[in-house]
Every structure is written in structure tokens, then in C-alpha cells.
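Inside the fold
In case you want the letters, here they are:
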Amino acid sequence: MLRLGGNAFDAAAAAMLASCVTEPTLTSLGGGGFLLAHTAEQQNILFDFFTQTPRQRRPVDEVEFYPVLVDFGTAVQEFHIGLGAIAVPGTVAGLFHMHRRLGRLPMSVIAEPALHYATVGVEVGEFQAYCFRILRPILLACPEMAQLCTKAGELLQTGDCFHNPSLAETIRLLVQEGPQAFYTGDIAHALVKDSQTRGGYLSLEDLRHYRVIERSPLMTRYRGTTLVTNPPPSSGGCLIAFALALMAQVEVAACGFGTEAHLTLLADAMRLTNLARADGYDSQINQPDVAERFLAEAHLRRYAQQLLQTAGVNKWGSTTHFSVMDSEGNAASVTASNGEGSGYTIPGTGIMLNNMLGEADLHPVGFHQWPLNARISSMMAPTMVLADGVPELVLGSGGSNRIRTAILQVISNVIDFQMPIEQAVNSPRIHWEADVMNLEPGFEIPKTQTRFPWSGEIVPWAQQNMFFGGVHAVLAAPDGTLTGAGDRRRSGVVVVVES
């Protein structure tokens, strides 16, 4: 798209649409997400096209909603699927809304890569083969998707070809008719018919009234730079800002990367952020001033004091992320997801729907208890770091509840340890949660936990894994030179287009 004269937002739209074809286990036109935009005119806009709760409930005993287990080998996570797990999808609306506002090229051009991959096919890489394997129970629950993801009765392997001709026809229809083809046309009627007769919640009213929301991003400071990220009602951005505010109390670089002091600091920042989150944040997420109160100095001080006293100075994440910067000064950070997929595909479309009503992380008060017709809160946090108002670092991550800890560590690697972007993204990470420290190889396992601010378990992983997120980032040097890094944990790639 950049070579054709498009801008960062055209490239983002094309990548978003293509990812729905090439990463079918991670994202979909039946899912949702966020795009954080910084324009050449210095505007910062957060496009919220995440999923919405339905406008009505039905008796739980009528709902198709059941658990499946995803086995990572080192950790097992339970998810829920079925038509009762489907929330109102926003990806189609988000794609067209963002492109109409900020794009330059025709949608017919934007769609060409996706159409090519859906029709001709795309070679299955090692990472996608891994995704097929661990999501086997969900993929095989859906006859249409099972047919696409298997060959001679077996799941596709590395080197096999995946193609989705029905999705190609759907994309052509959307290019011709626009998003209304999905939200009010035959696709909508087919989805709602199955939902109402087979145990789902969705209605035509849910689809017809879905809207993309343009929000003012959350903006905070960290060591002389400005952090721009996803605001409430999503959770991830505010929690990243809180953890960075805690770490700002300590000279992180003096700890030395990967030392016991560094690991203790990271673990404690994550622990205290979780404590602060549980202390009323989740229950107040839809209040208009929740971010201001959560990040207020008086509130931060309580937790910062605990950090200074101790500083000594599970799971899948089916999410796609990409970051784009162009020579005009535009930047886009996009994170989108289909959850794990609901196990249901709209007949004849090639679109598997999301299972966002079946994600425990998104519904801390319990399943089937969601508020009616409300945006679902998300950990997804497309993020930028600005220096003097100009994007210096554009990043984001997949990884469910590990999104925020992955982004936190990469930002710290760049700002505190002055790492090149490739090293910052692909250095080992930790994730602390519920008194368990998951530790990637490359860190020395602490011989003693006496200095740790918690008494829990250390779980060493044998190799880097998508469990720890998938940060894809672009870094701008002071002279304007752009470098990027794709996370090896998710077979990330970097493309540089010479002007």
C-alpha cells in the first residue's frame, strides 16, 4: 500500500483485512479490536471497534455455551465457546470507518492482498500450524472451518496451503456494498437466524446499531516521554500506565537487565498493579473519570511505597497486532482479535465468529452477567511513545492477560535500557500473576526467593512462547530512520519500504 502511494492507515487497513485470511485462528471479520492513530497533523485518535454485549439475554439453560481446554504444554487454559459466546462483532465496521476517515487508496485496492490470499492460498507457517494444533477442539467443532483447516482428515501442517474461497467472495461483497452488507444484509440475517434458533444472544438490532467509537487516547508521562494508549473502558492501557508509573520511582537501568533485582522489580510492579486493579478498578471501569482517579498521585503513592520497600535498588492470546509508520508522520498501532473463535461460522461466508462472551478475563463478575448493550473491556492496548509530540515508538501485542506485561517490558527495554528495537522485543520476558512467576529462558532462575515480595512458584519455560505475548514494534531514531521488530514468539516480520 505504501508503494502504491497510500499512507500508514491504508497499510493498516490492508494488513487488518489480510490478517483475517492469513491468521484465521487469531483474528476475523467476526471479531473486534482497536486502532490507535497519530496523524501527520498531530491528532491522536483511538478507534474502538471492539465487541459489544447484546441488547437482551435469554435463559441460560437455552444458551449454547460450553468449555474447551487449550493445552500449551506448560500451561492449560479453559475457554468457552458456542453461539452463546458470540458478542456483537466490530471488525468490519472498524475497517471501513478508519479507512473512510484517514485512508487514501480505494477500498478495492486495500482488499487486493486479502483476496489474493483467500483465493490462491497462503502457506501455513510453523506458528500457524501450532495455533491449529492447540485450537483443535474449537476448529473441529465447526464443520466449515474443519474442512478448511484439515487435509486428508488431519489438521494442516507447516508447508500446507490454507485458502478460504468463501471468504474471498464475502470480501468482494463488502468492497461492493460496504459494511451494511455485514450488519443489515443477508449475512446479518443468516447469523441472527442461527443465533436465535441454536442458543445465541445476537439479534438484528444488535448488528444494526453497532457503531465504531472514536475516543481520546489515554496520555501519561514516563521518563520524559509521552505514553499514548487505549483508554477505559478497556483495561490494558491504564494498567500499563500504572505499572510504568510505579517503575518510574526506581532507576531501572541501575538494576541491570535480567538480574534478580530487575526480575524482582518487574514482578512487584505486576503484583501491585493487579492489587490496585482488584481494589475497585474493574467494578468502576465504565465511570468517566476512572483513569484519572486510578492514576492520581495519591492513589499511586500507596502502591509506590510498597514497591520501594521491596525493590532492592496461563494461557492463550489469540490476537493479531501490527504497527505502521510512514514518512509523512502518520503512525498506526492496531490490535484485533477473534478470541479463540466460537466454533461457529456464518454459512457460506468463511467467517468464524468470536467467543468474547466466553472469555473469563473479560467478564470478572462471571459469565452471562454482562451489562446489556455495553462495550466489552479488553486487555488490548495499541500504544505509542511520543518524544516532543512525535511518535518515537509504536507497538502493541497479542497475548490475552499478558498483553500489558509484554508491552510494559518492551517499553522499559527501549527507554530504560536503551536497547535497539530488535533486542527490546525479542529479549526474554517474565509474567507474574497469582503468586506465579513464569520465566522465559535467558534469565537466571533466582537461587533464593527471600528478597521477593511474594512467596510463590517460579515456572521456568524451556523456550520462548506466545504465552508471553507477541510485540510488533517500529522505532524512529532522532534522524527519522525507522527500524522495526517482529516478535519471534509469533513469527513476526518487518517490512521496510524505501521511499
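What you are looking at is a predicted structure, and each value in this text was computed from that prediction instead of being measured. The written sequence of each chain sets the order in which its residues are numbered from 1. Local features in this predicted model are restricted to residues whose pLDDT is 70 or higher, and side-chain atom pairs enter the listing and the counts only when it is 80 or higher, whereas totals over whole chains, interfaces and linings include all residues. Based on all heavy atoms of the structure, the side-chain values leave hydrogens and waters out of the count.

Glancing now at the sheet that holds strand β20 (residues 457–460). Taken in spatial order, the 3 strands line up as β18-β19-β20 in an open sheet, and their pairing is mixed. Two strands in the sheet have a free side with no partner beyond their single neighbour: β18 (430–433) and β20. In this sheet, adjacent strand axes meet at a mean angle of 15° when their direction is disregarded. A pair of strands is considered paired only if DSSP assigns at least 2 bridges between the two. Secondary structure elements follow DSSP: runs of H or I no shorter than four residues count as helices, runs of E no shorter than two count as strands, and numbering proceeds from the N terminus. Of the pairings in the sheet, the one linking β18 to strand β19 (residues 436–439) comprises 4 bridges and is antiparallel in character. Bridge assignment links isoleucine 430 to a residue of β19, and that residue is leucine 439. To obtain an axis, a line is fitted to C-alpha atoms, over the contacting stretch when the element is a helix, and the angle between two such axes runs from 0 to 180 degrees between their N-to-C directions.

Before going further, it helps to examine the environment of leucine 408. Secondary-structure assignment places leucine 408 in helix α16 (residues 403–415). For every residue, the accessible area (1.4 Å probe, protein chains only) is compared with the maximum for its type, and the residue is labelled buried under 20%, exposed over 50%, or partly exposed between those bounds. Taking the relative accessible area as the measure of exposure, leucine 408 reaches 2% and is therefore buried. Distance from leucine 408 to glycine 396, taken between C-alpha atoms, is 9.9 Å for residues 12 residues apart in sequence. Among residues more than four places away in sequence, those in contact with leucine 408 are Ala243, Leu244 and Met247. We call two residues in contact when some of their heavy atoms are within 4.5 Å.

For the bond running from proline 232 to proline 233, omega is 20°, close enough to zero to count as cis. Position of proline 233 among the secondary structure elements: in the loop between β11 (225–229) and α12 (236–247). For glutamine 42, which is not glycine, the phi torsion reads 75° and is therefore positive. Residue class for glutamine 42 comes out partly exposed when judged on its relative accessible area of 46%. For alanine 434, which is not a glycine, the phi torsion comes out positive at approximately 55°. Locating alanine 434 in the fold gives a position in the loop between β18 and β19. Under the relative-accessibility criterion, alanine 434 is labelled exposed at 64%.

Leu393, Ile411 and Ile430 are the most contacted members of the largest nonpolar core, which has 86 residues in total. Not counting the four nearest positions on each side in its chain, isoleucine 430 is found in contact with Leu263, Leu266, Ala267, Met270, Thr405, Gln409, Met437, Asn438, Leu439, Phe443 and Phe468. We define a nonpolar core as any set of buried Ala, Val, Leu, Ile, Met, Phe, Trp, Tyr and Cys residues linked to one another through side-chain atoms lying within 4.5 Å.

Moving on: helix α1 (residues 8–22). Count 3.6 residues to each turn of an α-helix, and residues three or four apart come out pointing the same way. Multiplying 1.5 Å by the helix residue count minus one yields the expected span of that helix. Helix length check: α1 (15 residues) gives 20 Å between terminal C-alpha atoms against 21 Å at 1.5 Å per residue, within 8%. For α1, a buried count of 13 out of 15 residues is recorded, marking the element as mostly surrounded by other parts of the structure. Two or three places before phenylalanine 9, at the start of α1, stands the capping residue asparagine 7, its side-chain oxygen 3.0 Å from that residue's backbone nitrogen. Think of a polar contact as two N or O atoms within 3.5 Å of one another; within protein, one of them needs to be a possible hydrogen donor and the other a possible acceptor, and neighboring residues in sequence only count if both atoms come from side chains.

At a minimum axis separation of 8 Å, α1 and helix α4 (residues 112–120) run at an interaxial angle of 10°. Our classification of the angle between α1 and α4 gives roughly parallel. Counted together, Leu17, Ala18, Val21 and Thr22 of α1 and Ala114, Tyr117 and Ala118 of α4 form the full contact between these two elements. Gly is put with the polar residues, along with every residue not named as nonpolar or charged; the nonpolar set is Ala, Val, Leu, Ile, Met, Phe, Trp, Tyr, Cys and Pro, and the charged set is Asp, Glu, Lys and Arg. Residue classes in the contact of α1 with α4 are distributed as 6 nonpolar, 1 polar and no charged. In what follows, roughly perpendicular refers to angles from 65 to 115 degrees, roughly parallel to angles under 35, roughly antiparallel to angles over 145, and oblique to any angle outside these ranges.

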